[in-house]
Amino acid sequence: MTNSEHISWSDHWLVGLKKLDEDHQDFVRIIQSMQDANMDELANLLEKFESIASSHFDYENKLMIETEFPPRTCHIDEHNAVLKSVSEVRALISLGENKIVESLVEELAKWFPGHVIHLDSALSHWISKKQLGGKPVVIKRSLNLHHGKSA
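The model shown is predicted, which means the values in this text are computed figures rather than measured ones.

Each value, and the rule that gives it
Residues numbered from 1 in each chain as written. Predicted model: local features only at pLDDT ≥ 70, side-chain atom pairs only at ≥ 80, totals over all residues. Heavy atoms only, no water. pLDDT = per-residue confidence, 0-100. Contact = heavy atoms within 4.5 Å. Helix = DSSP H or I, 4+ residues; strand = E, 2+ residues; numbered from the N terminus. Expected span 1.5 Å × (residues − 1). Buried < 20%, exposed > 50% of the residue type's maximum accessible area, 1.4 Å probe, protein only. Axes fitted to C-alpha atoms, helices over the stretch in contact; angles between N-to-C directions. Parallel < 35°, antiparallel > 145°, perpendicular 65-115°, else oblique. Left-handed = near helix turned anticlockwise from the far one by under 90°. Nonpolar A, V, L, I, M, F, W, Y, C, P; charged D, E, K, R; others polar. Phe/Tyr/Trp six-rings, centres within 6.5 Å; stacked < 30°, edge-to-face > 60°.

**Some points on the confidence of the model for the protein**
Residues at a pLDDT of 70 or more form 85% of the protein, whose mean pLDDT is 88. Per-residue pLDDT stays below 50 along residues 144-151; that stretch engages in one contact with residues further than four places along the chain or on separate chains.

And the structure:
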């Protein structure tokens, strides 16, 4: 499958909560797999994505409700919209309309960074503030490494 922008992991998406960060890396891996897949592989990968997303969103939703995260309704609505889109595309695939999955994968690759940077990082800050009294400490690797060259 070809698309305009291939997603790859960035430490800029770390939010400082281990489970969220690990799940987000899984998201990127499965989206990458879908971007690299041929049409015959996409239906199975989309089903796997739906399972990963559903589990992750359930976890985040529970955190937001338990901690009374103020913008939880908006955040939960976004999760539900993603799962609804995935479900609708899976239904279309079962009817033989396979091409639409490529559009969904491209949209997921565009959606993910903004969701993490704006919504999930805010959730992480909220939880850290409530539990520890401050923002999470997140160490991010520089993407401009000089691989073996002196600077």
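After that view of the structure, there is still more to cover.
**Structural notes on helix 1 (residues 18-36)**
Between its terminal C-alpha atoms helix 1 stretches 27 Å, which fits the 27 Å expected from 19 residues at 1.5 Å a residue. Among all positions of helix 1, only Leu 20, Asp 21, Asp 23, His 24, Phe 27, Val 28, Ile 30, Ile 31, Met 34 and Gln 35 are buried. Residues of helix 1 that are buried in the fold lie against helix 2 (39-66) and helix 4 (100-132).

**As for the packing of helix 1 against helix 2**
Axis separation between helix 1 and helix 2 bottoms out at 10 Å; the angle between their running directions is 165°. When the axes of helix 1 and helix 2 are compared, the pair comes out roughly antiparallel. Helix-helix and strand crossings are classified by hand; for helix 1 and helix 2 the assignment is left-handed. In contact with Lys 19, Leu 20, Asp 23, His 24, Phe 27, Ile 30, Ile 31, Ser 33 and Met 34 of helix 1, helix 2 contributes Leu 42, Leu 45, Leu 46, Lys 48, Phe 49, Ile 52, Ala 53, His 56, Phe 57, Tyr 59 and Glu 60. Across the contact of helix 1 with helix 2, the residue classes break down as 13 nonpolar, three polar and four charged.

**Let's talk about the packing of helix 2 against helix 3 (residues 72-94)**
Across the interface, helix 2 lies against helix 3 with an axial gap of 10 Å and an inter-helix angle of 165°. One finds that helix 2 runs roughly antiparallel with respect to helix 3. Taken as a pair, helix 2 and helix 3 cross one another with a handedness that is left-handed. Contacts between helix 2 and helix 3 pair Ala 43, Leu 46, Glu 47, Phe 49, Glu 50, Ala 53, Ser 54, Phe 57, Glu 60, Asn 61, Met 64 and Ile 65 from the former with Arg 72, His 75, Ile 76, His 79, Val 82, Leu 83, Val 86, Ser 87, Val 89, Arg 90 and Ile 93 from the latter.

**Here we look at the packing of aromatic side chains**
Inspection of every chain in the model, using the stated rule, returns eight aromatic pairs. Judged by centre distance (5.6 Å) and plane angle (80°), the rings of Trp 9 and Trp 13 are edge-to-face. Residue classification places Trp 9 among the partly exposed residues on the basis of a relative accessible area of 23%. A centroid spacing of 5.4 Å and a plane angle of 70° characterise the contact between Phe 27 and Phe 49, whose relative ring orientation is edge-to-face. Of the two residues, Phe 27 is situated in helix 1 and Phe 49 in helix 2; the sequence distance between them amounts to 22 residues. Residue classification places Phe 49 among the buried positions, given a relative accessible area of 0%. One aromatic cluster is present, formed by Trp 9, Trp 13, Phe 27, Phe 49, Phe 57, Trp 111 and Phe 112 through successive ring pairs.

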